Amino acid sequence: MNKTVRFGISLDSELLKRFDKYINKEKYTNRSEAIRDLIREQLIRLQWQKGETIIGVISLVYDHHLREVVSKIIDIQHDFPHRIIASQHVHMDHHNCLEVIIAEGKPEQVKQLASSLKALKGVKHCVFTPTTTGKELK
Ligand code: NI
């Protein structure tokens, strides 16, 4: 376990006021935890920009009655050249399905996977959330 280091931050009072409003809204119990999250967020963005391996969470809502949409969703995943870690399917009602796909790979490849799924006829909504493998973060 790494040791915790304390350091001071000089900040414009107005900026600090806005930050405190933000951490209150986000339910942080202290400034340190909020600052740690902001640093991690930026480091994850850098991983993304540098093309390091990331995890992508893709959520899809679609009508399974539409011709071929289900088989196309499966084909696209099978053709993904990297790792689909998991996928979860929920039959929400008579028409609508929710599928959550977790994929690992280089940012551009995972993003391409999400774009291919989003472009399918029958897909009503697709959200792509990039996150990290967590290996570089403490
Ligand atoms: Ni379904």
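Cut-offs and rules
- Residues numbered from 1 in each chain as written.
- Predicted model: local features only at pLDDT ≥ 70, side-chain atom pairs only at ≥ 80, totals over all residues.
- Heavy atoms only, no water.
- Helix = DSSP H or I, 4+ residues; strand = E, 2+ residues; numbered from the N terminus.
- Phe/Tyr/Trp six-rings, centres within 6.5 Å; stacked < 30°, edge-to-face > 60°.
- Expected span 1.5 Å × (residues − 1).
- Buried < 20%, exposed > 50% of the residue type's maximum accessible area, 1.4 Å probe, protein only.
- Arc of directions from axis to C-beta.
- Contact = heavy atoms within 4.5 Å.
- Core = buried A, V, L, I, M, F, W, Y, C linked by side-chain atoms within 4.5 Å.
- Pairing = 2+ DSSP bridges.
- Axes fitted to C-alpha atoms, helices over the stretch in contact; angles between N-to-C directions.
- Donors = N, O, S within 2.8 Å, 3.2 Å for Na, K, Ca; no water.
- Patch = residues over 30% accessible without salt bridge, like charges linked within 9 Å, V, L, I, M, F, W, Y side chains within 5 Å.
- Areas by Shrake-Rupley, 256 points an atom, 1.4 Å probe, with all protein chains shown as cover.
- Salt bridge = Lys/Arg side-chain N within 4 Å of Asp/Glu carboxyl O.

1. Re the environment of G122
So, step 1. Within the secondary structure, G122 sits in the loop between α4 (107–118) and β4 (123–131).
So, step 2. Remark: the alpha-carbon pair of G122 and L16, spanning 106 residues in sequence, is separated by 46 Å.

2. Observations concerning the packing of aromatic side chains
So, step 1. For the coordinates displayed, the defined rule picks out three aromatic pairs.
So, step 2. Among the aromatic residues, those joined into a ring-pair cluster are F19, Y22 and Y28.

3. What to know about α4
So, step 1. When the terminal C-alpha atoms of α4 are compared, their 16 Å separation across twelve residues agrees well with the 16 Å that a helix rising 1.5 Å per residue should span.
So, step 2. Within α4, burial applies to P107, V110, L113, A114 and L117. Angular distribution of buried residues about the axis of α4 spans 130°; they occupy a single face of the element.
So, step 3. Close packing links the buried residues of α4 with α2 (31–50), β1 (54–63), α3 (69–79), β2 (83–91), β3 (96–105) and β4.

4. Some thoughts on α3
So, step 1. Buried residues of α3: V69, I73, I76 and Q77, and no others. Angularly, the buried residues of α3 cover 100° about the axis, an arc narrow enough to put them on a single face. Turned more than 90 degrees away from the buried face of α3 sit H78 and D79, all of them exposed.
So, step 2. Packing partners of the buried residues in α3 comprise β1, β2, β3, α4 and β4.

5. Observations concerning the nonpolar core
So, step 1. The biggest cluster of nonpolar side chains holds 18 residues, and the ones touching the most others in it are I58, L60, Y62, I73, L113, L117 and V123.
So, step 2. If you list the elements that add at least two residues to this core, you get β1, α3, β3, α4 and β4.
So, step 3. Setting aside chain neighbours within four positions, we find L113 in contact with I58, I76, F80, I84 and A103.

6. Some remarks on the sheet that holds β3
Whenever strands of a sheet pair, they do so through backbone hydrogen bonds, lying parallel or antiparallel.
So, step 1. Taking strand neighbours across the sheet as the criterion, the four strands line up as β2-β3-β1-β4 in an open arrangement whose pairing is antiparallel. The strands lining the two open edges of the sheet, one partner per strand, are β2 and β4. Ignoring strand direction, the axes of neighbouring strands in this sheet form an average angle of 15°.
So, step 2. Packed on one face of the sheet, α3 meets β1, β2, β3 and β4 and runs near 170° to β1.

7. Considering the coordination of the nickel ion
So, step 1. All of the protein donors around the nickel ion are H89 (NE2), H91 (ND1) and C97 (SG); their distances to the metal are 2.1 to 2.3 Å.
So, step 2. Overall, the relative accessible area of 31% leaves H89 in the partly exposed class.

8. Details of a nonpolar patch on the surface
So, step 1. Residues F7, I9, L11 and L15 make up a contiguous nonpolar surface patch of roughly 410 Å² in combined accessible area.
So, step 2. One can find L15 in helix α1 (residues 13–25).

9. Re the pattern of salt bridges
So, step 1. Scanning the model with the defined rule gives ten salt bridges in all.
So, step 2. The partner of K17 in a salt bridge is E14, and the shortest N-O contact between them spans 3.8 Å. Residue K17 and its partner E14 are located together in helix α1, separated by three residues, close to a single helical turn.
So, step 3. Overall, the relative accessible area of 56% leaves K17 in the exposed class.
So, step 4. Here E104 makes a salt bridge to R83, at a shortest N to O gap of 3.3 Å. With E104 in strand β3 and R83 in strand β2, the pair connects residues that are 21 residues apart, well separated along the chain.
So, step 5. Using a relative accessible area of 18% as the deciding quantity, one classes E104 as buried.

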